Amino acid sequence: KGFIFKLEAFDDRADPKEAVNAANRIISDNRIYGVVGHLNSGCSIPASQIYAKRNLLMITPASTNPKLTLQGLKNVFRVCTTDDVQGTFAANYVFNTLKKNRVAVIHDKTAYGQGVAESFKKRLEELGGKAVSFDGIDLGDKDFKALLTAISGKKPSLIYFGGMYTECGLLAKQSKELGLNAPVFSDDGSFSPEYIKIGGKATEGDFLTMVGIPPEKLPKAREFIEKYKAKYPGDDMQPYDTYTYETANIIIEAIEKTNMDQSKMIDYVANAKYNGILGETSFDKNGDTLNKMISIYKVKDGKFIYVGK
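Values in this document were obtained by computation on a predicted structure and should not be read as measured data.

## Considering the sheet that holds strand β1 (residues 34-36)
Overall, parallel pairing links the three strands, which are arranged β1-β2-β3 in an open sheet. Edge strands, defined here as strands with exactly one partner in the open sheet, are β1 and β3 (76-78). Across the sheet, the mean angle separating the axes of adjacent strands is 20° when strand polarity is ignored. Pairing geometry for strand β2 (residues 57-60) and β3, over three bridges, is parallel. If you follow M58 over to β3, its bridge partner there is V76. Its contacts with the sheet place helix α2 (residues 41-53) against β1, β2 and β3, and it is angled at close to 165° to β2. Against the sheet, helix α9 (residues 241-257) makes contact with β1 and β2, and its axis sits at roughly 170° relative to β1, the strand it touches most.

## Re the nonpolar core
Formed by 51 residues in total, the largest nonpolar core has its most connected members in L57, I59, I106, Y195, Y243, V269 and F304. Sorting elements by how many residues they give to this core places α9 first, with five residues. Non-local contacts of Y195, meaning those with residues more than four positions away in its chain, are made with Y165, C168, G169, A172, V184, S190, T203, D206, L208, V299 and F304. Of all hydrophobic cores here, the second largest spans 16 residues; its members include V103, V105, A131 and F185.

## Describing the sheet that holds strand β7 (residues 184-186)
Across the sheet, which stays open at both edges, the seven strands sit in the order β5-β4-β6-β7-β8-β11-β12 with mixed pairing between neighbours. Of all strands in the sheet, those bounded by a partner on one side alone are β5 (130-136) and β12 (303-308). Strand after strand, the sheet turns through a mean of 25° between neighbouring axes, direction not considered. Pairing between strand β6 (residues 158-162) and β7: three bridges, direction parallel. Residue pairing for β7: F161 is matched across the bridge by S186.

## Examining helix α1 (residues 16-27)
For α1, which comprises 12 residues, the first-to-last C-alpha distance of 17 Å matches the rise-based estimate of 16 Å (1.5 Å per residue) to within 8%. For α1, every residue scored as buried is listed here: A19, A22, A23, I26 and I27. Seen from one end, α1 has its buried residues packed into an arc of 130°, which puts them on one side. Measuring from the side-chain oxygen of the N-cap residue of α1 to the backbone nitrogen of K17 gives 2.7 Å; that N-cap residue is D15.

## Observations regarding the packing of aromatic side chains
All told, the structure shown has 14 aromatic pairs when counted by the stated rule. On the basis of an interplanar angle of 5° and a centroid distance of 4.0 Å, the ring pair of F120 and Y160 is categorised as stacked. Of the two residues, F120 sits in helix α4 (residues 111-127) while Y160 sits in strand β6, which places them 40 residues apart along the sequence. In this structure, F120 and Y160 share a single accessibility class: buried. An aromatic cluster is built from Y93, F120, Y160, F185 and F207, whose rings are joined through pairwise contacts. For K121, the ring lying beneath its charged end belongs to F134, and the centroid distance is 5.9 Å.

The rules behind each value
Along every chain, residues carry numbers that run from 1 in the direction the sequence is written. Totals for whole chains, interfaces and linings use all residues, but because this is a predicted model, local features are given only for residues with pLDDT of at least 70 and pairs of side-chain atoms are given and counted only at 80 or more. Derived side-chain values reflect all non-hydrogen atoms in the structure, with water molecules and hydrogen atoms excluded from consideration. Strands qualify as paired when DSSP identifies two bridges or more between them. Put simply, DSSP marks the helices as runs of H or I at least four residues long and the strands as runs of E at least two long, and each gets a number from the N terminus on. All axes are obtained by fitting lines to C-alpha atoms, using only the stretch in contact for helices, and the reported angles, taken between N-to-C directions, cover 0 to 180 degrees. It only takes one pair of heavy atoms within 4.5 Å for two residues to be counted as in contact. We define a nonpolar core as any set of buried Ala, Val, Leu, Ile, Met, Phe, Trp, Tyr and Cys residues linked to one another through side-chain atoms lying within 4.5 Å. Only protein chains enter the area calculation, which uses a 1.4 Å probe; residues under 20% of their type maximum are buried, those over 50% are exposed, and those in between are partly exposed. Any helix carries an expected span of 1.5 Å times its number of residues minus one. The directions from the helix axis to the C-beta atoms are what the arc is built from. Two N or O atoms count as a polar contact when they lie within 3.5 Å, although within protein this holds only if one can serve as hydrogen donor and the other as acceptor, and sequence-adjacent residues are included solely when both atoms are side-chain atoms. Centre distance within 6.5 Å is the pairing criterion for rings of Phe, Tyr and Trp, where only the six-membered ring of Trp is used; planes under 30 degrees apart are then read as stacked, over 60 as edge-to-face, and the remainder as tilted. Two conditions define a charge located above a ring, namely a distance within 6 Å from the ring centre to NZ of Lys or CZ of Arg, and an angle within 35 degrees of the ring normal.

Honestly, it's all geometry; don't read function into it.
Structure, rendered in structure tokens:
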């Protein structure tokens, strides 16, 4: 039996209220068999509760806040690892490898950004390091010089930022303009070519974490990357393009293997061992991926250079 798949796109505008509105529209459409999303944890958490009402399969490629899969919802999965893993790994690397023990921690007040920043701070202090400050900024703000001036007086050896690439790029740029030459270390939300474009030369020497292993180092991902470049010439791949592709394929396989039986799809995914472009993806009892690899990148000559995992 053949299947014809159609993409239905919804924009949650990175707003939890919009995410709930979108989720309600989605569950009212019985033609929808699974949800690839959401991007932001602050959207995924409330939306997942709506999908649970219809027992609709939801797999997020990018929402990393641990709270998402601790709600006891059987329909929720993620192919990316969580903030506690990423934040802890970053703190270990900063303290043990970079030998930085005085860190100014900044976050964007979102479930994602604040969550990963709190995880980083907790682990850093367990290791014996010190968070000389812990501050939140507002999404969309452009001028951080007052905050950075205050931070400069505390003489941090590094700035850690939990959040997205736009604000991180501006923080990197403005910190250097103020003479605060501490490198910036951020998360997968900042792992985008846009970060380097926004921050310019100020991002040189900065570090970022990204969940998983670089796609170009995974044999099955190479074909995907080549096809992507051929279809979208000149467009940079974004951090979670491979994760989104994998998520869609897992849902498609669940539809095929259960012969479109929505009552069986969730159990199928819960027990699946999917071999795709990310390697093998399988899930624990909460719906979290068992692939918890984290990679480190450094900005050099205007590009992200893979350092290790």
